[in-house]
Amino acid sequence: MDSIVWAFKHTMRNVADTGLTTVLTMLQNLDGKDVAQSFYQTYFLNILQHIFSVVTDSTNAAQLSNQSKVLAYMFSLVEQKKVSAPLYNQAEYPDVSDNVAFVKKYTQDLLKKSLPEPPRNASLCICGGSLRFKSRHRRV
């Protein structure tokens, strides 16, 4: 996993594209497999965090299309309840009812940390819209 993250964070476009394609293909191949839930619990938030760090880094803007594909696919997995194992500690997040609510909150927190002074309503809009993206754009 570390090698894939290293690749998609790379500043050379072909290396980054290979890393993004690899992570997307890996996530697609996990769909429906027995090991998927364990993988999601271990790596889902890590991948999401690293993708957002790249998305908000201006030196990696050339890969925005592929980064968006990975994010859209990840959000669709959560929204379609294909990630059924909890991604959060329920004791730490008693107000969170499911993975959809948690990923929305987690994504908002990532945006707040990554972008200087984003308006609160803007991050809510971005996160809510991203989680509804899959319903309109199924071709990932």
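In what follows, the structure referred to is the one given above.
Structure report, in brief.

Analysis parameters
- Residues numbered from 1 in each chain as written.
- Predicted model: local features only at pLDDT ≥ 70, side-chain atom pairs only at ≥ 80, totals over all residues.
- Heavy atoms only, no water.
- Salt bridge = Lys/Arg side-chain N within 4 Å of Asp/Glu carboxyl O.
- Helix = DSSP H or I, 4+ residues; strand = E, 2+ residues; numbered from the N terminus.
- Buried < 20%, exposed > 50% of the residue type's maximum accessible area, 1.4 Å probe, protein only.
- Expected span 1.5 Å × (residues − 1).
- Axes fitted to C-alpha atoms, helices over the stretch in contact; angles between N-to-C directions.
- Contact = heavy atoms within 4.5 Å.
- Nonpolar A, V, L, I, M, F, W, Y, C, P; charged D, E, K, R; others polar.

1. Side note on the pattern of salt bridges
Here comes step 1: Under the defined criterion, the tally for this structure stands at 4 salt bridges.
Here comes step 2: The partner of Asp-31 in a salt bridge is Lys-82, and the shortest N-O contact between them spans 3.0 Å. Of this pair, Asp-31 sits in the loop between α2 (13–30) and α3 (36–55) while Lys-82 sits in the loop between α4 (64–79) and α5 (99–114); the two residues are 51 residues apart in sequence, bridging distant segments of the chain.
Here comes step 3: Looking at Asp-31, the relative accessible area reads 28%, which means it is partly exposed.

2. Quick notes on α4
Here comes step 1: In this model α4 runs 22 Å from its N-terminal to its C-terminal C-alpha over 16 residues, within 8% of the 22 Å that 1.5 Å per residue would give.
Here comes step 2: Those residues of α4 that fall on the buried side of the exposure criterion are Gln-67, Val-70, Leu-71, Ala-72, Tyr-73, Met-74, Phe-75, Ser-76, Leu-77 and Val-78.
Here comes step 3: Downstream of α4 by a residue or two, Lys-81 has a phi angle that is positive, lying close to 65°.

3. Comments concerning the packing of α4 against α5
Here comes step 1: Where α4 meets α5, the axes come as close as 8 Å, and the angle between the chain directions of the two elements is 145°. Between α4, through Phe-75, Val-78 and Glu-79, and α5, the contact on the second element is made entirely by Asn-99, Val-100, Val-103 and Thr-107.
Here comes step 2: Classifying every residue of the contact of α4 with α5 gives 4 nonpolar, 2 polar and 1 charged.

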